[in-house]
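Remarks on the overall topology
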Amino acid sequence: MEVKEAAKQVEGVAAEVEVKRAAMEVEVKGVAKQMKGSAEDVEGFKSWSRPAVQTRTIWGAPIIWELMFNPKLYDKMHHDGNTSVALTVFAVGRYLEAYLSTFITSAEKHFMTGLPVTYYVFTDAPEKVPKIELYPQRDLQVVKVRRYSRWQDISMMRMKIISEMIDTELQGKFSYVFCFDVDQEFQGRFGSEALGDSVALLHAHFYKLPKYRFTYDKQPKSRAYMKEGDYYYHAAIFGGSLEKVKALADFCHLSIMEDKLNEVEALWHDESHLNKYFWLHKPSRVLSPEYCWDPIIGDKSDILVTRLIWEPKEYNKVRPQ
């Protein structure tokens, strides 16, 4: 009897162990599934959906490509969160007549549609800014700025102006600010998936190249000097929270001023300083070249959606000599 009783006890323990083991397997599978999801979905981005391209930086920030996100999900989140966006663009000299109308008109069709957006146009000729009909909750403000004799100075001084504008006008009014070059045209959705704390853009001409070909500034005397970097970023677009964009603008402006004192000018002006900033302060979100594509590039195999394109460059006509 004692033997039978002991056998029953053993069987009971074995059954209990089997139940616990099965429960542990279910729990482990659940954890594995969660881990898989967290590895694949950075801030809701499906990194596995584009296996042919890099979808995350080495520090874990998403690199945003078509098929990686659900646009309705992001739009609802920002609509429910009452997100508002400021867009800054400089249209100085002949750039105004050559590009501004196309830029604003196309932005109305594709940039942050459904969200409140205010365009801040910086120009030396406010009277020449075209009258463009805007959608509800969209506004355009014109800010007069000085016209510099050299286009390089116009390019570099925008950082100072952006920083001052954030302090005096944007603070407390907007959730995010995006800064654009004017010689571009929106052609597809440039939506709320792009909004983040600190947003950088991969340069279309460099994203496939080896790092040794990146054109960082190589003058040790310049504050933009870089021996190495992660990526090469394009200064045609950058954005983020007001705090982060102001930090970037202040960094670039102060570095440019220090270079002037040392009688040196960075190779690609504010873009060189922007690359130095993002090397030291990693962006939380990176836009793929879909968000700023140059049509002259032959290999378009990675670009499923062209969201914005470079306009034809006619520097001999629009830049001061």
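Residues numbered from 1 in each chain as written. Predicted model: local features only at pLDDT ≥ 70, side-chain atom pairs only at ≥ 80, totals over all residues. Heavy atoms only, no water.

With respect to the helices and strands, the residue Leu280 is situated in helix 6 (residues 270-280). Note on Leu280: relative accessible area 47%, which makes it partly exposed. C-alpha separation for the pair Leu280 and Gly229, spaced 51 residues apart in sequence, amounts to 9.2 Å. (Helix = DSSP H or I, 4+ residues; strand = E, 2+ residues; numbered from the N terminus. Buried < 20%, exposed > 50% of the residue type's maximum accessible area, 1.4 Å probe, protein only.)

Let us now look at the environment of Trp279. Positionally, Trp279 belongs in helix 6. The exposure class of Trp279 is partly exposed, given its relative accessible area of 25%. Between the C-alpha atoms of Trp279 and Met226, which are 53 residues apart in sequence, the distance is 8.8 Å. Look past the residues within four positions of Trp279 in its chain and what remains in contact with it is Met226, Glu228, Gly229 and Asp230. (Contact = heavy atoms within 4.5 Å.)

Close contact between helix 5 (residues 242-261) and helix 6 brings their axes to 9 Å; oriented N to C, the two are set at 125°. By the angle class used here, helix 5 and helix 6 are oblique. Regarding helix 5 and helix 6, the two cross each other, and that crossing is right-handed. Where helix 5 abuts helix 6, its residues Lys244, Ala247, Leu248, Phe251, Cys252, Ser255, Ile256 and Asp259 lie against Asp270, His273, Leu274, Lys276, Tyr277, Phe278 and Leu280. A breakdown of the residues in the contact of helix 5 with helix 6 according to their chemical character gives nine nonpolar, two polar and four charged. (Axes fitted to C-alpha atoms, helices over the stretch in contact; angles between N-to-C directions. Parallel < 35°, antiparallel > 145°, perpendicular 65-115°, else oblique. Left-handed = near helix turned anticlockwise from the far one by under 90°. Nonpolar A, V, L, I, M, F, W, Y, C, P; charged D, E, K, R; others polar.)

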